[in-house]
Each structure stands twice: as C-alpha cells, then as structure tokens.
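Given next are the chains, with one letter for each unit.
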Amino acid sequence: MTDKAATILVFRIVIKASAQAIWDAITKPEWTERYAYGGRAHYELKGGGRYHHEASPEMKSFGLPDKVILGEVLETDPPRKLVQTWHPQFTPDMIAEPPSRLTYEIAEGQGVCTVTITHDVTGAPMVAGMVPGGGDPAKGGGGWPWVLSDLKSLLETGARMPT
Amino acid sequence: MPLITAGGPYLGATRWLYIQLSLEYRSIRDSLTGDYMVTYHACVTDDDQVFKALADPTRRFLLDLLFQRDGRTLKDLESRLAMTRFGVMKHLKVLEDAGLVVTRRSGREKLHFLNAVPIRMIHDRWIDKYREREVSALLALKAELEDKER
C-alpha cells in the first residue's frame, strides 16, 4: 500500500513547442510575467539553489508580499526536469504550512512536448485546496490547470487567452 | 451498471462539470447553423476525445472516484465496479488517451491520477469563446434596436 498521508496531485498538458521554449517559459522571469498570474520567477538553477516568485504590481496592489512564493531548487535537468520546494506566502495559513514539493517534467516527442506537473502537497491542505483550480482565474482560483492552459496559448499562438 | 446507481446521492464535481459541459455543448451546437457537422468532421481535435471519454457513465464514475481520492490502483478502482478487470482497463485507456487520467509507477504499482487540465481547456477555449460571441451579438442587437427606437 502507498502511504495514506501522501497527497499528490498531477497535472498534464501537451504543448506544440520545443522543450527548451517550455523550460524558459517556466524558469525565466521575462517569460513568467507574460502568462497566468504574471510576476517574475527567480531561479538559481542548481541543486540547493534559491527560488522566489516576485509579485506583479497587481499582486502587490492586493496586499501580497514582494516575494509571493518561496522555495529551494532540489534537482535540475534542463530542459527536462525541475524539482523544487514551493511555499506560497499568500495568507498566514499558507505560510504556516510546510513547503510543498513541485516537479516539472517535460517530455519531447513527435513535434510536441508533454508537460507534467506533479505536486506533492502532503501536509499542506491550504495549498492542496488551491492548486487544482476550478474557480474563477480572475479571483485567483485558476490553479495549475489554468496556468498550464494559458502557458499553452502563449507558446502556441504568441498571445495569452483573452480574459 | 448497478453499482453506479448504488452510488446514490453522491454527485461528484466531475459529474457536475460534465453535466454543465454537455448542456453548454448542446446549446452551442444547437445555436450554430447547419454547417456544424461539416466543421466537426473536418476538425477532429483533442476536445473530441475528451467529450467522447466523458460520454460514458462508467468513465465518469471512475473520474469521480479519483476526484474523491487520487492516486488509486487498478485493483482499487476495479473493486468499485461490477465489471471485469479487462473492462475497467479499457475504460481507463480511453480516459488516459484523452488526457483525463495520468498514470505513474510507484514501486510495483501503477497509480491513476485525475488530470483536470483538459476540462479546463475545453472551458477556456471553447465554451467561453462561444458564450462571449453570443453575448456580444445580443448586446449589439440590443444597441441597434434601442437606437432605432430613438
């Protein structure tokens, strides 16, 4: 049997783009500010490297801190795999939770890439409730499905989805 | 499918979403003109696979099980259905091909996870788009009619 306490969420999308383009869109600030909730990701791309997500002006206007997500890079294999901790600083409840563990995997084949996010949210019920989405993206309820859908639109069409 | 009915009042989120999707899908389809079928056959997309996968009560039941608790084994899923292992595997294959289920190996076990991304994409790329167009057409009509009245 698997560990009952473990809570793992999986999100997958197929994108018509190179693995490198997807890798850049995830790890480079000039890309991350162009889709989903925006803001600039800052990665030290090596094991033990630091990570934080810099709030967009809009996020700051909602009273969110400058560094909205904190984390540590655990493993990198560009442009195929990135493992990190992911600790959103949105609310005091989330700050009180332990960091979650986030894995991006990019598999290239037949002119498309399969992007899989495996989010281990064990012991972090607030994060577990937030990242599956299902709510209104404009109110922060988009979760990974909306983020990935928007990333796909940006890379395939050069533009975001109209919101 | 007696076990599904036996599931009783539980209306899982996936099933709810499916009902929403199929209702909206039908209204979009009905609101389009006769060239709909032509367009449909000319353009078979991933969306078709998702709709096809959702158009079966057993498969929706499997998605509901994964919605309740993710990362289940075949054995676990199979125990909830009055169906052979092979039958369940066939349904899981359709769900996996449509991207609604993602499998991962964990030791000797193969675990099944619900992937909500394709449903989100149908919502974003499809339903929102047509709904917007219908609404804006109605708004334009309203503006035009009100203009004439003046």
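Our subject is the structure that appears above.
Rules used throughout
- Residues numbered from 1 in each chain as written.
- Chains lettered and ligands numbered in written order.
- Predicted model: local features only at pLDDT ≥ 70, side-chain atom pairs only at ≥ 80, totals over all residues.
- Heavy atoms only, no water.
- Pairing = 2+ DSSP bridges.
- Helix = DSSP H or I, 4+ residues; strand = E, 2+ residues; numbered from the N terminus.
- Contact = heavy atoms within 4.5 Å.
- Axes fitted to C-alpha atoms, helices over the stretch in contact; angles between N-to-C directions.
- Buried area = accessible area lost by both parts, 1.4 Å probe.
- Salt bridge = Lys/Arg side-chain N within 4 Å of Asp/Glu carboxyl O.
- Phe/Tyr/Trp six-rings, centres within 6.5 Å; stacked < 30°, edge-to-face > 60°.
- Buried < 20%, exposed > 50% of the residue type's maximum accessible area, 1.4 Å probe, protein only.
- Lys NZ or Arg CZ within 6 Å of the ring centre and 35° of its normal.

Student: Please explain the sheet that holds strand 3 (residues 109–114) of chain B as it appears in this structure.
Tutor: Picture the strands of a sheet paired through backbone hydrogen bonds; they go either parallel or antiparallel. Residue and element names in this part refer to chain B. Strand order in the open sheet formed by three strands is 1-3-2, and the pairing between neighbours is antiparallel. Each end of this open sheet is capped by a strand with a single partner; those strands are strand 1 (72–73) and strand 2 (101–106). Relative to strand 3, strand 2 runs antiparallel, the two being bridged by six bridges. When the bridges of strand 3 are listed, V101 appears paired with L114. Packing against the sheet, helix 5 (residues 57–68) makes contact with strand 1, strand 2 and strand 3, and its axis sits at approximately 95 degrees to strand 3.

Student: Would you mind going over the interface of chain B and chain A with me for this structure?
Tutor: By convention, interface size is frequently given as the accessible area that disappears when the constituent parts associate. Counting residues at the interface gives 15 residues for chain B, matched by 19 residues for chain A. For the pair chain B and chain A, the summed buried area comes to about 1,500 Å², and 56% of that belongs to carbon and sulfur atoms. Seen at the junction of chain B and chain A, the total is one salt bridge. For the salt bridge of R104 of chain B with E105 of chain A, the shortest nitrogen-to-oxygen distance reads 3.2 Å.

Student: Help me understand the packing of aromatic side chains in this model?
Tutor: Note on aromatic pairs: each is described by the distance of the centres and the angle between the planes. Residue and element names in this part refer to chain A. Under the definition given, this model contains four aromatic pairs over all chains. Summarising the aromatic geometry, the rings of Y43 and Y51 are spaced 4.5 Å apart at their centres and angled 35 degrees between planes, so their arrangement reads as tilted. By the burial criterion, Y43 is buried, and Y51 matches it. Where Y104 meets W144, the ring centres are 6.3 Å apart and the plane angle is 85 degrees; that geometry is what we call edge-to-face. Taken together, the positions of Y104 in strand 6 (residues 100–109) and W144 in helix 6 (residues 143–157) put the pair 40 residues apart, joining distant regions of the chain. Accessibility assignment for this pair places Y104 and W144 in one class, buried. One aromatic cluster is present, built from ring pairs that chain together W86, Y104 and W144. Sitting over the ring of W31, R34 keeps its end group 4.8 Å from the ring centre.

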